[in-house]
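The primary structure of each chain is shown beneath.
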Amino acid sequence: MTSQPTMTKAGHGPEDPGGSGGPGEPDGGLHAGLKNRHLSMIAIGGVIGAGLFVGSSSGIATAGPGILLSYALVGTMVVLVMRMLGEMSAANPTSGSFSAHADRALGRWAGFSIGWLYWFFWVVVLAIEATAGAVILESWIPAVPQWGWALIVMLVLTATNLASVGSYGEFEFWFAGIKVVAIGAFIVIGGLAVFGALPGADTESAGLGNLTDHGGFLPNGPGSILTGILLVVFSFMGSEIATLAAGESENPQRAITKSTNSVIWRIGVFYLGSIFVVVTLLPWDSEAIQKDGSYVAALNSLGIPNAGEIMKFIVLTSVLSCLNSGLYTASRMAFSLGRRGDAPKSFARTTGRGVPMTAILASVAFGFVAVFFNYEFPDSVFLFLVNSSGAVALFVWLVICLSQLRMRKIIERETPEKLVVRMWLYPYLTWATIALIVFVLGYMLTDTEHDGRQTVLLSLLVAAVVVGISLVLEKVRRGKSRLREASDVEQV
């Protein structure tokens, strides 16, 4: 594989950086088992993480109603990054997505590094989500211990991913569907209550006045918007999953174009819409938001019975969805790395059903190890894993931006007909997005209250180690290549 930023003809071997089977074809040994409805729901559900339900309360407490601006700024950043990724992925759909694009645009070291960092992020997420799901399930059925539920959840979803990509798609279709319906219903019911149009609901505390009546729109000052960004930015991770999954659909280019074009309304409705409902139903400084969680508190304020249990079910669904997609995403990234010669060759082998079994088992094995660390060493080893993977989302988005700067010129020069999705105001918005991401990373270094500095420093440490490994491996490969060339010359 070459590290030069040139487009190559699609192939099926490690020499193909993208690993794409071409538009409309499965990626290598993978099967085109995802239907249009699967891709549509994966794209919609991908932006709705469990963090939206369980993490928004801390953001509201920090920034007040101004948290809407934090979500809007991060949402704008994600929309721009997804537009860049959509441009590259529509031109070359592949299971490696941004890692394969970085490989072509920036060099082999970049594709190797960001691919393994992304894999690391998701296998750590597996442990976090498995534990979160186990806590909820144990509260319902305490006869099974928490570790037992974590094991059961991981095994079931591993079996689902091993069965076929269609099984993953079907599970994710229903998981994501429940999330979408739940948030949609929450927005409609809450919106009616805010404007006093919900019959039989107690709406005395609801109203647009909650946006300004309790210390103003920014009760903790303008700086709280930036702090809010640090608290909400990671709940957006997952938007890029649709571009990885598109490689196993019947029409990858169409799926990527559709998901890229719809990301604006998805973020606008599900994130900004639902948070707007929360901060208008209740005063931002309501004790219930911190005690019960923002969504449960909002439902309780309307007198909806069993609001807590309803939200537990929705959060559990989100957790299972995240687990399902996390295992799928990690395994496909490992598969792509194997195809490009940056991971063991066994990772690139698929079963007769088009499933990269070794890549899945390797990913879930690390996930099980991380779950073990979570139970045995939660404040040392596992805390290190979480913090050292915490800034990977921002690293991924930054690499996507840098890759797009170069890939745009390559596509225009070699295959302009594939430029069906275009980044707006290129290259100015790309550079503006890069500046915003760098600014967020820099601001995190000043944050000691929410562990922002520790997260960035540990993530940078891990990233430096991975980049170092990639450079050493590349040097070894070049040495072997020169030896082969010298041997060939001697034989001649």
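Residues numbered from 1 in each chain as written. Predicted model: local features only at pLDDT ≥ 70, side-chain atom pairs only at ≥ 80, totals over all residues. Heavy atoms only, no water.

**Quick word on the overall build of the protein**
Here is step 1 of the chain: Tallying secondary structure elements over the protein gives 18 helices and zero strands in all.
Here is step 2 of the chain: What you see for the protein is a C-alpha radius of gyration of 23 Å, in line with the 23 Å of a compact globule of 492 residues.
Here is step 3 of the chain: Overall, the protein is about 90 × 55 × 40 Å in size when its C-alpha atoms are taken along their principal axes.
Here is step 4 of the chain: Residues counted as buried form 57% of the 492 residues belonging to the protein.
Here is step 5 of the chain: In the protein, 80% of the contacts between residues at least 6 apart in sequence involve partners at least 24 apart.
Here is step 6 of the chain: Looking at the protein as shown, the accessible area adds up to about 19,200 Å², and 66% of this sits on carbon and sulfur atoms.
Here is step 7 of the chain: Between the centroid of the 31 positive side chains of the protein and the centroid of its 33 negative side chains there is a distance of 12 Å. (Helix = DSSP H or I, 4+ residues; strand = E, 2+ residues; numbered from the N terminus. Rg over C-alpha atoms; globule rule 2.2 N^0.38 Å. Buried < 20%, exposed > 50% of the residue type's maximum accessible area, 1.4 Å probe, protein only. Contact = heavy atoms within 4.5 Å. Areas by Shrake-Rupley, 256 points an atom, 1.4 Å probe, with all protein chains shown as cover. Lys, Arg positive; Asp, Glu negative; His and termini not counted. Charge placed at Lys NZ, Arg CZ, Asp CG, Glu CD.)

**Thoughts on the environment of alanine 359**
Here is step 1 of the chain: Assignment of secondary structure puts alanine 359 in helix H14 (residues 357–376).
Here is step 2 of the chain: You can call alanine 359 buried: its relative accessible area is 0%.
Here is step 3 of the chain: It is 9.9 Å that separates the C-alpha atoms of alanine 359 and lysine 345, two residues lying 14 residues apart in sequence.

**So, the confidence of the model for the protein**
Here is step 1 of the chain: Averaged over all residues, the pLDDT of the protein equals 85, while 92% of them reach at least 70.
Here is step 2 of the chain: The model gives residues 1–25 a pLDDT under 50, and that stretch makes 76 contacts with residues more than four places away or in other chains. (pLDDT = per-residue confidence, 0-100.)

**Description of the packing of aromatic side chains**
Here is step 1 of the chain: Within this structure, the stated rule accounts for 19 aromatic pairs.
Here is step 2 of the chain: Aromatic rings pair up to connect Phe112, Trp116, Trp119, Phe120 and Phe366 into one cluster.
Here is step 3 of the chain: Directly above the ring of phenylalanine 173 sits arginine 37, whose terminal nitrogen or CZ lies 4.7 Å from the centroid. (Phe/Tyr/Trp six-rings, centres within 6.5 Å; stacked < 30°, edge-to-face > 60°. Lys NZ or Arg CZ within 6 Å of the ring centre and 35° of its normal.)

**Considering the environment of histidine 101**
Here is step 1 of the chain: If you trace the backbone, histidine 101 turns up in helix H4 (residues 97–105).
Here is step 2 of the chain: With relative accessibility at 0%, the residue histidine 101 sits in the buried group.
Here is step 3 of the chain: Distance from histidine 101 to leucine 419, taken between C-alpha atoms, is 14 Å for residues 318 residues apart in sequence.
Here is step 4 of the chain: Setting aside its immediate chain neighbours within four residues, histidine 101 contacts Leu85, Met88, Ser89, Asn92, Thr94, Ser403 and Met407.

**Looking at a nonpolar patch on the surface**
Here is step 1 of the chain: A contiguous nonpolar surface patch, about 420 Å² in accessible area, is contributed by Phe384, Leu461, Val465, Ile469 and Leu473.
Here is step 2 of the chain: Of all the elements, helix H18 (residues 452–491) adds the most residues to the nonpolar patch, at four residues.
Here is step 3 of the chain: With respect to the secondary-structure elements, valine 465 resides in helix H18.
Here is step 4 of the chain: Looking at valine 465, the relative accessible area reads 47%, which means it is partly exposed. (Patch = residues over 30% accessible without salt bridge, like charges linked within 9 Å, V, L, I, M, F, W, Y side chains within 5 Å. Salt bridge = Lys/Arg side-chain N within 4 Å of Asp/Glu carboxyl O.)

**Side note on the packing of helix H16 (residues 392–414) against helix H17 (residues 428–444)**
Here is step 1 of the chain: The contact between H16 and H17 brings their axes to 10 Å, and the two run at 155°. Classified by the interaxial angle, the pair formed by H16 and H17 is roughly antiparallel. Crossing angle aside, the handedness with which H16 passes H17 is left-handed. Residue-level inspection shows Leu394, Phe395, Trp397, Leu398, Cys401, Leu402, Gln404 and Leu405 of H16 in contact with H17, the latter providing Thr430, Trp431, Thr433, Ile434, Ile437, Val438, Val440, Leu441 and Met444.
Here is step 2 of the chain: Split by residue class, the contact of H16 with H17 holds 14 nonpolar, three polar and no charged. (Axes fitted to C-alpha atoms, helices over the stretch in contact; angles between N-to-C directions. Parallel < 35°, antiparallel > 145°, perpendicular 65-115°, else oblique. Left-handed = near helix turned anticlockwise from the far one by under 90°. Nonpolar A, V, L, I, M, F, W, Y, C, P; charged D, E, K, R; others polar.)

**Considerations on the pattern of salt bridges**
Here is step 1 of the chain: Taken as a whole and judged by the stated rule, the model has eleven salt bridges.
Here is step 2 of the chain: Of the charged contacts in the structure, one is a salt bridge between glutamate 170 and arginine 37, with a shortest N-O distance of 2.7 Å. Pair noted here: glutamate 170 is in helix H7 (residues 165–194) and arginine 37 is in helix H1 (residues 36–46), with a separation of 133 residues, a long-range link.
Here is step 3 of the chain: For glutamate 248, the salt bridge is made with arginine 332, and the minimal N-O distance between the two is 2.8 Å. Here the residue glutamate 248 occupies a position in the loop between helix H9 (241–245) and helix H10 (252–281), and arginine 332 occupies one in helix H13 (residues 307–339), the gap between them amounting to 84 residues.

**Observations concerning the packing of H4 against helix H5 (residues 108–140)**
Here is step 1 of the chain: Taken N-terminus to C-terminus, the directions of H4 and H5 make an angle of 160°; their axes are 6 Å apart at the nearest point. Put simply, H4 runs roughly antiparallel to H5. Between H4 and H5 the crossing geometry is right-handed. Residues Phe98, Ser99, Ala102 and Asp103 of H4 touch H5, and the partners they reach there are Arg108, Ala110, Gly111, Ile114, Gly115 and Tyr118.
Here is step 2 of the chain: For the contact of H4 with H5, the class distribution of residues is five nonpolar, three polar and two charged.

**Here's the deal with helix H6 (residues 146–163)**
Here is step 1 of the chain: Taking 1.5 Å per residue as the helical rise, H6 with its 18 residues ought to reach 26 Å, and the 26 Å between its terminal C-alpha atoms agrees with that figure.
Here is step 2 of the chain: Elements that come into contact with the buried residues of H6 comprise H5, H7, H13 and H14. (Expected span 1.5 Å × (residues − 1).)

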